[in-house]
Structures are given as C-alpha cells and as structure tokens.
Amino acid sequence: MPTFREIYTHHADLYERLVAREDYEGRLLPAIAAICPLHGREVVEFGAGTGRVTALLAPHVHAICAFDASHHMLSVAAQRLRGMVNVWLAVADNRALPLPPAAADVAVEGWSFGHATDWHPDRWQAHIEEALAEMRRVLRPGGMMILIETLGTGCESPQPPSERLAALYAWLEGALGFSHTWVRTDYRFASPQEAEELVRFFFGDDLADRVARQRLTLLPECTGIWWRAV
C-alpha cells in the first residue's frame, strides 16, 4: 500500500477509479445543498484532487475555482471535468490560494484538511487553522465554509478512524463552532476482485482481506460534513 503522499503524486488514475465507486446512491450532493443553496454561487474548492466534489457542484453553481497541491491529481481532474466551462483548475497550497479577498460565496474542502493530522502530527492544528484562515479570506461576508472528511470506511455508523481525526472533529465542533452532520457515502464496486484491488491500494491489507474473505462489492462509508458561516 503506497502512502497517501505517493498516491496523490503518482497514482491519481487508481485513486480516481476508487472514488468513482463512492457514494453510489448520490447522498453527498443533497446533504451539501441542504446546508447551503448552490444555485448562482461562486465556489472555491480546497484540495480538489481528481475533481469528485468539483464534478458534483459544477452543474449547480455559477463558477468553481478548484485547487490542489498535486499537478498529477489535477491532470486527472481536467480530463474528468472536460467541457465544464464554469470550472477553473490550478495548483496551490490550501494555505495560500492565488485569489483576491472576498472572491467567493462558498469555500469547500473534501478529504483534504484531515491529512494534516498525519502529515504534520506535531502542528496539525496550526496547519489547519492556516487553511481555515485562507477560507475566511477568500469568502465574502456571510459566505459558507464546508468541510468534508471521513468518519470511517467499512463502518455502518460514524466513528473517526484515528485519534487525531477525532481530536480534529472535536476541535471544529467545540472551539471553532462548526455545525456537523454525516451521511452514508457507500462504495459499490463492479466485482469482488475490483473491490479487493482498490481497497487494498488505498486502505491497506486489513480491510482488503475482509473484503476478499466476504467477497464484498458493497462497502459502507460514513462521511462527515462540518460547516460555518463567516
């Protein structure tokens, strides 16, 4: 199993195959729309990856500027989003986007900020606060910050998959005043073989061995959504 850094730098195609199987029942978009009306909004996306959230939002918003630190991931996003004339992609760190202040109505991140808890274990809180400050900077008064993060793969009810992520979520809800909900965004794979291959690639041997042993094609996933107006 490659590290997440290796995946985002070198394995975007396999990653895209995996995430294309997630949320097969289409629950994430209605959950976001219930938090914040999307029609006519200008959106900035942090950590866009291969464009899965971008592709969900683009048909419903006026424009979306999507950023990721990995050119490799954005190259796959560009293919996926080809023909969407209201989407602009660019390489940028979550803490420093090439945008003027008050440029958007909505700022969203999906499965991006949480990586700081592993990549910067001694200063993850400061790292994420810098990203949140950048969200606030690019939003107009009254704009909405929306954070999407995992609450457990292979789990039918939400449970943070690590102590650091649990600490992050508690910090968001407690000290920073974010509201919170969660939805099931389950995976549906084409075959047990595909399920084992893609789960082993991204989630590791323990979960992949369970998938193989039970010959699963459906894998539960719990996804948390946190939001706060500025």
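Reading guide: rules and limits
- Residues numbered from 1 in each chain as written.
- Predicted model: local features only at pLDDT ≥ 70, side-chain atom pairs only at ≥ 80, totals over all residues.
- Heavy atoms only, no water.
- Phe/Tyr/Trp six-rings, centres within 6.5 Å; stacked < 30°, edge-to-face > 60°.
- Helix = DSSP H or I, 4+ residues; strand = E, 2+ residues; numbered from the N terminus.
- Buried < 20%, exposed > 50% of the residue type's maximum accessible area, 1.4 Å probe, protein only.
- Salt bridge = Lys/Arg side-chain N within 4 Å of Asp/Glu carboxyl O.
- Arc of directions from axis to C-beta.
- Contact = heavy atoms within 4.5 Å.
- Expected span 1.5 Å × (residues − 1).
- Polar contact = N/O pair within 3.5 Å; in protein donor to acceptor, adjacent residues only side chain to side chain.
- Core = buried A, V, L, I, M, F, W, Y, C linked by side-chain atoms within 4.5 Å.

Student: Which residues make up the packing of aromatic side chains, and what are the values?
Tutor: All chains considered together, the criterion is met by 13 aromatic pairs. Between F4 and F202 the ring centres are 4.8 Å apart and the planes differ by 50°, which places this aromatic pair in the tilted class. With F4 in helix α1 (residues 4-10) and F202 in helix α9 (residues 192-203), this residue pair connects regions lying 198 residues apart in the sequence. According to the relative accessible area criterion, F4 is partly exposed, its value standing at 23%. You can call F202 buried: its relative accessible area is 9%. On the numbers, 6.3 Å between centres and 70° between planes, the contact of Y8 with W119 is edge-to-face. Of this pair, Y8 sits in helix α1 while W119 sits in helix α6 (residues 116-119), placing them 111 residues apart in sequence.

Student: Account for the pattern of salt bridges, with residues named and values stated.
Tutor: Following the criterion strictly, the structure yields 18 salt bridges and no others. The salt bridge partner of R52 is E22, with a shortest N-O separation of 2.4 Å. Of the two residues, R52 sits in helix α4 (residues 52-57) while E22 sits in the loop between α2 (12-19) and α3 (28-35), which places them 30 residues apart along the sequence. Accessibility assignment for this pair places R52 and E22 in one class, buried. E25 is the partner of R27 in a salt bridge, and the nearest nitrogen-oxygen pair spans 3.3 Å. Judged by its relative accessible area of 37%, R27 is partly exposed. The network of salt bridges with common partners includes R17, R21, E194 and E197.

Student: Outline helix α10 (residues 205-214), listing residues and values.
Tutor: Residues lying three or four places apart along an α-helix face the same way, a consequence of the helix completing one turn every 3.6 residues. For α10, the complete set of buried residues consists of L207, A208 and V211. Taken end-on, α10 shows its buried residues confined to a sector of 100°, consistent with a single buried face. Exposed positions of α10 whose direction lies more than 90 degrees from the buried face are D206 and R213. Those residues of α10 that are buried are in contact with β5 (139-153), α9 and β8 (218-219). Of the residues flanking the end of α10, it is R215, one or two places downstream, whose phi is positive at about 50°.

Student: Go over helix α7 (residues 124-138), please, and point to the residues and values.
Tutor: Between its first and last C-alpha atoms α7 spans 21 Å; for 15 residues at 1.5 Å apiece the expected length is 21 Å, and the two agree. Looking at α7, one finds that the buried residues are W124, H127, I128, A131, L132, E134, M135 and V138. All buried residues of α7 fall inside an arc of 150° around its axis, so they share one side.

Student: Can you lay out the environment of R95 for me, pointing to particular residues and giving the numbers?
Tutor: Inspection of the secondary structure assignment puts R95 in the loop between β3 (87-91) and β4 (104-110). R95 sits in the partly exposed class, given a relative accessible area of 30%. For the pair R95 and E134, spaced 39 residues apart in sequence, the C-alpha separation works out to 5.7 Å. Sequence-distant contacts of R95, defined by excluding residues within four places in its chain, comprise R123, H127, E130, A131 and E134. A distance of 3.4 Å separates polar atoms of two side chains, one belonging to R95 and the other to H127.

Student: How would you summarise the nonpolar core if you had to cite specific residues and measurements?
Tutor: Generally speaking, nonpolar side chains in soluble globular proteins are found buried as a group. In terms of nonpolar packing, the biggest core is built from 30 residues, with L132 and L172 touching the most fellow members. At the level of elements, β1 (42-46), β4, α7, β5, α8 (163-173) and β9 (221-229) are the ones that each hand at least two residues to this core. Those residues in contact with L172 that sit more than four places away from it in its chain are L132, L147, G177, F178 and W226. L29, A31, V43 and I146 belong to the second largest nonpolar core, which has 26 residues in total.

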